[in-house]
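# Residue-level structure breakdown
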Amino acid sequence: SSGINAEYGELEDSKVYSIQSFAKDLLPVSDVLEKALESVKEEDRQGNATLSNLHEGVTLTYNQLHQVFKRHNLIKIEPIDEEFDPIYHEAMFQVPDPEKT
């Protein structure tokens with residue numbers, strides 16, 4: 001019986017890891033969608049129905065993606081001015097902040 005429980009636990013761990021890995025792979029997609037939304041000014045959309053519709057579609061896609069992230073407990077954190085916490089943050093590199101030196 002304990003062998004079955006151990007196998008079940010390993011299977012559950014594998015599922016969680018797979019979901020986390022997949023979600024992590026989607027983070028750059030979210031970033032690209034966000035940059036696309038930021039790149040189109042509202043005044044540019046007002047006179048252009050095609051651009052406005054495209055922007056709305058990208059907005060819906062971005063929002064849907066973030067709903068999926070939320071359903072899987074993947075939440076956006078804003079680490080600016082926070083102390084580094086290796087549980088939540090992944091260090092890529094260090095850059096000195098001229099305002100703090």
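Here, the structure is the one placed above.
## Section: the overall build of the chain
- Check the secondary structure of the chain and you find three helices and zero strands.
- Ordered by position from N to C terminus, the α and β elements of the chain give α-α-α.
- A burial count over the chain gives 12% of its 101 residues as buried.
- The contacts of the chain with a sequence gap of at least 6 include a subset with a gap of at least 24, amounting to 51%.
- A total of about 9000 Å² of accessible surface is found on the chain, and carbon and sulfur atoms cover 56% of it.

## Comments concerning helix α3 (residues 49–71)
- Taking 1.5 Å per residue, 23 residues should reach 33 Å; α3 reaches 33 Å between its end C-alpha atoms and fits that length.
- Its side-chain oxygen placed 3.1 Å from the backbone nitrogen of T50, N48 serves as the N-cap of α3.
- Backbone geometry just downstream of α3 places N73 in the positive-phi region, at approximately 60°.

## Brief notes about the nonpolar core
- Counting six residues, the largest nonpolar core consists of L33, L37, V58, Y62, L65 and F69.
- Those elements that provide at least two residues to this core are α1 (2–39) and α3.
- Among the elements that line this core, the one with the most residues is α3, at four residues.

## Things to note about the environment of R45
- Its place among the elements puts R45 in helix α2 (residues 42–46).
- With relative accessibility at 18%, the residue R45 sits in the buried group.
- With 10 residues separating them in the primary sequence, R45 and H55 have C-alpha atoms 7.9 Å apart.
- Among residues more than four places away in sequence, those in contact with R45 are V40, L51, S52 and H55.

## Topic: the side chain of R45
- Of the buried charged residues, R45 lacks a salt bridge, with E42 as the closest side chain of opposite charge at 4.5 Å.
- A distance of 3.2 Å separates polar atoms of two side chains, one belonging to R45 and the other to H55.

The rules behind these values
- Along every chain, residues carry numbers that run from 1 in the direction the sequence is written.
- Selection of residues for local features in this predicted model requires a pLDDT of at least 70, selection of side-chain atom pairs for listing and counting requires 80 or more, and totals for whole chains, interfaces and linings are taken over all residues.
- Based on all heavy atoms of the structure, the side-chain values leave hydrogens and waters out of the count.
- Helix and strand definitions here come from DSSP, where helices need a minimum of 4 consecutive H or I residues and strands a minimum of 2 consecutive E residues; each element is numbered from the N-terminal end.
- For every residue, the accessible area (1.4 Å probe, protein chains only) is compared with the maximum for its type, and the residue is labelled buried under 20%, exposed over 50%, or partly exposed between those bounds.
- When checking whether two residues touch, look at their non-hydrogen atoms; a contact exists if any pair is within 4.5 Å.
- In this description, accessible areas are obtained by the Shrake-Rupley approach with a 1.4 Å probe, and a residue is regarded as covered only by the protein chains that are shown.
- The span one expects for a helix is its residue count, reduced by one, times 1.5 Å.
- We define a polar contact as two N or O atoms separated by no more than 3.5 Å, with the added condition that, inside protein, one atom must be a possible hydrogen donor and the other a possible acceptor, whereas residues neighbouring each other in sequence contribute only through side-chain atom pairs.
- Residues enter a nonpolar core if they are buried and are Ala, Val, Leu, Ile, Met, Phe, Trp, Tyr or Cys, with the set joined through side-chain atoms within 4.5 Å.
- Charged-residue counts in this description rest on Lys and Arg as positive and Asp and Glu as negative, His and the chain ends being excluded.
- Any carboxyl oxygen of Asp or Glu that lies within 4 Å of a side-chain nitrogen of Lys or Arg is treated as forming a salt bridge with it.

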